[in-house]
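Coordinate inspection notes
Residue strings, one per chain:
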Amino acid sequence: MGSLLSSFGIECGGGKEQEEERHLRANDREFNLSYKYANNEIKTSKYNLLTFLPLNLLEQLQRLANAYFICLLCLQVIPAISSLSWFTTVVPLLLVLSMTAAKDATDDINRHRSDRQVNNRKVEVLVNGKLKSEKWRNVQVGDIIKLENNQFVTADLLLLSSSEPLNLVYIETAELDGETNLKVKQALTITGDLGDNIASLSAFRGEVRCEPPNNRLDKFTGNLEVGGQTFALDNDKILLRGCTLRNTEWCFGLVVFGGPDTKLMQNSGKNRFKRTSIDHLMNVLVLIIFGFLAFMCSILAIGKGVWESREGTAFAAFLPPQDQHGPPFAAFLTFWSYVIILNTVVPISLYVSVEIIRLGNSYFIDWDRKMYHAQSNTPAQARTTTLNEELGQIKYIFSDKTGTLTQNIMTFNKCSISGKAYGNVVDFSGRAIEITEKTPKADFSWNRLADPKFSFHDSTLVDAVRQGSREAQAFFRLLALCHTVMPEELSDGGLNYQAQSPDEGALVTAARSFGFVFRARTPESITLVEMGQETTYELLAVLDFNNVRKRMSVIVRSPEGKLALYCKGADTIIYERLHPSCSKLMEVTTGHLNEYAGEGLRTLALAYKDLDEGYFESWRERHHEASTALDGREEKLDAVYEEIEKDLLLLGASAVEDKLQDGVPQTIEQLAKADIKIWVLTGDKQETAENIGYSCNMLREEMQEVFIVAGNTHQEVERELRSARKKMHPASSDEPPMRKSSILGKKTEVVEDEAVEGEYGMVINGHSLAYALQEGLQLEFLRAACMCQAVICCRVTPLQKAQVVELVKKHKRAVTLAIGDGANDVSMIKAAHIGVGISGQEGMQAVLSSDYSFAQFRYLQRLLLVHGRWSYLRMCKFLRYFFYKNFTFTFVHFWYGFFCGFSAQTVYDEWFITLYNLVYTALPVLGLALFDQDVDHRWSF
């Protein structure tokens, strides 16, 4: 961003070296200005009055056709070869350049207006002991500013204090990530004590050392030094520019990053531009046309030379020679004269017409009422206009499961506690009966704080909790303590939970209904109401969840003074950290987990550990050192977490239900009929993913075989993949059938498709996939997987999702589409040729990174089989018709050359030549390419 600004004369700390660490001091502008940090002014516009014309022309002349016509204009000012008037080239060129320039100018004027409006907003800044109203553009790094309710956050701020209890603030991040649910930030206790005391805030001289400017919205690493003490800073203490303060009367913040250095502006860089196969084809066609034009002009020039030497003297009275240089020079001049006359074969208006067509077809997607989701008031949205025709050529779909195929609305369904399964309803003979709407629900009327919407049918678990079962109570105590949920007291005395994920919300709500009510949270404590009695636990440490750890832990001290670590996470991860004494209980719990996974439920294992006071104090020191490290903080914290999360005691497992979205099985069936292969990439257990695969028609009983790849070594995975490939195609060779492909000089090796009789499926585990994606095995995996109609990859990380997509893109000459709804799908969406975001329960990160978005997976069928098909057919007809009309028009001049002594005379009037492409033949081909439907939308499926 800085380089872009400096190129237009705006120096934001210009000319400095790459920043490695930011160091600033509160209320000390002189100290902070010495580092030449950028101020808070932003500039997103590309041009000004002086630079618009040259820069815009330079951009447009990078298009081959436009540059060609400039060269043509230069040729036309040479009298010896000018066979047409100058306006035949200037008028079309000016119209095309003017249309594009007008669009670019309009866009940039809007950017200028937006920049002015933002830079001139007012905010209160603490200057010389007083609050002073300043424009945003004048705010500097190190300033302390005051924000009030519903104000936009001015810059990236370290939260110092707020009007709310416990120094909480509530922010809305819609401009950053599209999410409208409120998020909670909390100041450090030492700065929270400053309150709104202007004298104390003016005397504050805290120093911040933190990471340099970057685009990571979910991460911040830094330290605050105050009075000789060092405090760790993370993302929970930072308010980012672009957020809005909500439900908070006031707060004070210290400016850490300003203007172009803020995370909002760091994220405003361009994404990788995706080009379609049609774009590549058009570039190739234009090059071929240039070659063909040179070929035609050469034929006519040779004809001129031959004609001049044989017949020229007989026609001297009618065609007097222009010079005395003879036939060869006459042929040379004729070549350039015909370059001018035959210029209509070069499609100057092609690119403009294609953009108009793509824009129109994008609007049709936006306006499609059949892709509008009424419940969430979400229409389909084409976030790019360049990929519409590519939708009609999709061969591989890569889909997330949770929230994409399923609703991502979780309900606590079953659990296993100390080896006993709960959740099934049995009759008097002990046989399980099917749960329906008429099945009696467990009675929670004894708990006045129970969630009125919560339902559970197995009353034996309620009885166990009420009768004082230690294991059952410990199970729900863990669920009530180990999470990141924030509680909100409603006016009617009720509770509302703000959860970062639906899983957490469902588990905390279940604990609440079973008598362990999560009531309040501070940085140092968690308050529960346990079976009607209020209990406050001292919160000593939170060991965060991430996609690598796949678990979360908290360390708390009970009112009795006992230290305990509570942990929940993926069963495979928890099992690795259990005490050997849990082996029998682990076997029983594993049986329950497999049963739950077979029903398509999402499972977590729960464990705890009592801690020794002396050991914990020494561990706490190491934890503080790791949490305040500026270099490698995450790695150091992971090592410290790993050290204490050992020898855990298993409590049990939870199972939550996530139902399929409407229309998913029918959509997958239709896409399979269109010979589109679907791969599901999920972090769930193998059994859960398999069950969902069958229920949504990906895996079918009539398939000849579904291969399970679960090897634990490189050799085992290789053997299983090779065995699967041989079963599907016994005659296949060990060497993959490769074919070298070259497009515009870019050479790639393509793995050809291999014929398979019958339908097959494949399920592969995350640890097996890690081996399958290694250099020596990836082609074997690709061959076996691409022979299958459906592939399910379980327990995969976000990075593995992207790697699978990249593998297919690299070695298959096929168009790929990735669809997902969460932040963990972003890398996969960006890697595919086309990315589709589902606007669901996991926020808007996937939508913001996507090319197309809508609310339900079932709309994918209409996007591909109706809009994609129509767009592709329309574009193909347009290109054929466009080149046909240009060649038809040009060949008349070529043929006429043989009848006019190759004298470069024109058949048509000059204005007709000028307006042929722009006026006379423009609308019919555009109308065809915008409105043509070979069949009705009902027959496109």
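Keep in mind that this is a model prediction, so the values were computed, not measured. (Residues numbered from 1 in each chain as written. Predicted model: local features only at pLDDT ≥ 70, side-chain atom pairs only at ≥ 80, totals over all residues. Heavy atoms only, no water.)

Moving on: the packing of helix α20 (residues 664–673) against helix α28 (residues 859–897). In contact at an axis separation of 9 Å, α20 and α28 are set at 25° when each is read in the N-to-C sense. Relative to α28, the element α20 lies roughly parallel. For the pair α20 and α28, the crossing hand works out as left-handed. From α20, Q666, T667, Q670 and L671 reach across to α28, where they touch L860, Q861, L864 and L865. (Axes fitted to C-alpha atoms, helices over the stretch in contact; angles between N-to-C directions. Helix = DSSP H or I, 4+ residues; strand = E, 2+ residues; numbered from the N terminus. Parallel < 35°, antiparallel > 145°, perpendicular 65-115°, else oblique. Left-handed = near helix turned anticlockwise from the far one by under 90°. Contact = heavy atoms within 4.5 Å.)

Residues F412, L461, F476 and F514 are the most contacted members of the largest nonpolar core, which totals 49 residues. Examining the composition of this core, we find that 8 residues originate from one element, helix α14 (residues 470–481), more than from any other. In this structure, V118, V123, F204 and C210 belong to the second largest nonpolar core, which totals 46 residues. (Core = buried A, V, L, I, M, F, W, Y, C linked by side-chain atoms within 4.5 Å. Buried < 20%, exposed > 50% of the residue type's maximum accessible area, 1.4 Å probe, protein only.)

Taken together, F295, I299, V892, W895, Y896, F898, F899 and V907 make up a surface patch of nonpolar side chains, about 780 Å² in accessible area. When contributions to the nonpolar patch are tallied by element, the ones reaching two or more residues are α10 (277–310) and α28. Tallying contributions element by element places α28 first for the nonpolar patch, with 3 residues. Turning to its location among the elements, W895 is positioned in helix α28. Residue classification places W895 among the exposed residues on the basis of a relative accessible area of 56%. (Patch = residues over 30% accessible without salt bridge, like charges linked within 9 Å, V, L, I, M, F, W, Y side chains within 5 Å. Areas by Shrake-Rupley, 256 points an atom, 1.4 Å probe, with all protein chains shown as cover. Salt bridge = Lys/Arg side-chain N within 4 Å of Asp/Glu carboxyl O.)

The subject of this paragraph is the sheet that holds strand β35 (residues 815–820). Here we have 9 strands laid out as an open sheet, ordered β14-β37-β36-β35-β15-β29-β34-β33-β30, and mixed in their pairing. The sheet terminates laterally at β14 (381–382) and β30 (705–709), the two strands that pair on one side only. Packing against the sheet, helix α24 (residues 778–787) makes contact with β15 (394–399), β29 (677–681), β33 (760–764) and β34 (790–793), and its axis sits at approximately 120° to β29. (Pairing = 2+ DSSP bridges.)

Here the focus is the packing of aromatic side chains. Under the counting rule described, the total for this entry stands at 44 aromatic pairs. Ring centres of F889 and Y916 lie 4.0 Å apart, and the angle between their planes is 15°; this geometry places the pair in the stacked category. Within this pair, whereas F889 is found in helix α28, its partner Y916 is found in helix α29 (residues 910–920), the two being separated by 27 residues in sequence. Taken as a pair, F889 and Y916 share a single burial class, namely buried. Grouping aromatic residues by their ring pairs yields a cluster made of F412, F444, F454, F456, F475, F476 and F514. One Lys or Arg, R22, reaches over the ring of Y37 and ends 3.9 Å from the middle of that ring. Above the plane of the ring of F882 lies K885, whose end atom (NZ or CZ) is 4.4 Å from the centre. (Phe/Tyr/Trp six-rings, centres within 6.5 Å; stacked < 30°, edge-to-face > 60°. Lys NZ or Arg CZ within 6 Å of the ring centre and 35° of its normal.)

Note that strand β26 (residues 563–569) and strand β27 (residues 602–610) share 6 bridges and pair antiparallel. Paired with Y566 across the bridge in β27 is Y608. Note: β27 against strand β28 (residues 649–657), 7 bridges, orientation antiparallel. From the neighbouring strand, L606 faces β28, where its bridge partner is G652.

Turning our eyes to something else, we now look at the pairing of strand β5 (residues 156–162). Most of β5 sits inside the fold, with 7 of its 7 residues counted as buried. Pairing between β5 and strand β13 (residues 250–257): 6 bridges, direction antiparallel. Residue pairing across strands places L157 opposite V255, the latter belonging to β13. Bridging between β5 and strand β11 (residues 238–239) involves 2 bridges; their strand directions are antiparallel. By the bridge assignment for β11, L158 is matched with I238.

Glancing now at the environment of Q393. Relative to the assigned elements, Q393 resides in the loop between β14 and β15. The exposure class assigned to Q393 is partly exposed, which follows from its relative accessible area of 22%. The spacing of Q393 and Q186 is 207 residues in sequence and 49 Å in space, taken between C-alpha atoms. In this structure Q393 touches S277, V815 and Y872, once residues within four positions along its chain are discounted.

With that settled, consider the pattern of salt bridges. All chains considered together, the criterion is met by 47 salt bridges. Between E172 and R246 there is a salt bridge, with the nearest N and O atoms lying 3.4 Å from each other. You can see E172 sitting in strand β6 (residues 168–172) and its partner R246 sitting in strand β12 (residues 244–246), a full 74 residues away along the chain. Classification of R246 as partly exposed rests on a relative accessible area of 24%. In this structure, E759 and R700 form a salt bridge, with 2.4 Å as the shortest nitrogen-oxygen distance. You can see E759 sitting in the loop between β32 (746–751) and β33 and its partner R700 sitting in the loop between α21 (686–695) and β30, a full 59 residues away along the chain. One continuous salt-bridge network, built from bridges that share partners, spans R549, R551, E576, R577, E642 and E645.

Assignment of secondary structure puts H373 in the loop between α12 (350–366) and β14. Dropping the residues within four chain positions of it, H373 is found in contact with T378, A855, Q856, R858 and Y859.

Here we take up the environment of L131. Its location among the elements puts L131 in strand β3 (residues 130–135). Linking L131 and R549, residues 418 residues apart in sequence, is a C-alpha distance of 45 Å. Beyond its immediate chain neighbours, meaning those up to four positions away, L131 contacts E124, V125, L126, K146, I198 and F252.

Right, let's get into α28. Along its 39 residues, α28 runs 56 Å from first to last C-alpha, staying within 8% of the 57 Å computed at 1.5 Å per residue. When the local axis directions of α28 are compared, the greatest deviation, roughly 30°, occurs at G868. (Expected span 1.5 Å × (residues − 1). Bend = angle between axes of the 7 residues up to and from the residue.)

With that out of the way, let us pick up the sheet that holds strand β16 (residues 411–417). Strand order across the open sheet formed by 9 strands is β17-β16-β28-β27-β26-β25-β24-β23-β22, with antiparallel pairing between neighbours. Both edges of this open sheet fall to β17 (420–422) and β22 (516–521), since each of them pairs with a single strand only. With strand direction ignored, the average angle separating the axes of adjacent strands in the sheet is 25°. The strands touched by α14 within the sheet are β16, β22, β23 (525–530), β24 (533–543), β25 (551–557), β26, β27 and β28, with β16 carrying the most contacts at an inclination of about 135°. In the packing of helix α15 (residues 502–513) onto the sheet, the strands contacted are β16, β22, β25, β26, β27 and β28, and the crossing angle to β22 comes to about 120°.

A few words on the state of the cysteines. A complete count under the given rule lists 0 disulfides for this structure. With no disulfide of its own, C251 lies closest to C243 among cysteine sulfurs, the gap being 11 Å. A relative accessible area of 1% places C251 in the buried class. (Disulfide = S-S within 2.5 Å.)

A word on unusual backbone geometry. Phi is positive for D675, which is not a glycine, with a value near 65°. Look at D675 and you get partly exposed, because its relative accessible area is 41%. Backbone geometry at A904 places phi at a positive 60°, although glycine is not the residue there. Along the chain, A904 falls in the loop between α28 and α29.

Of note, A506 is situated in helix α15. Taking the C-alpha atoms as reference points, A506 and V656, separated by 150 residues in sequence, lie 7.6 Å from one another. Leave out the neighbours within four places in its chain, and A506 touches M410, T411, F412 and V656.

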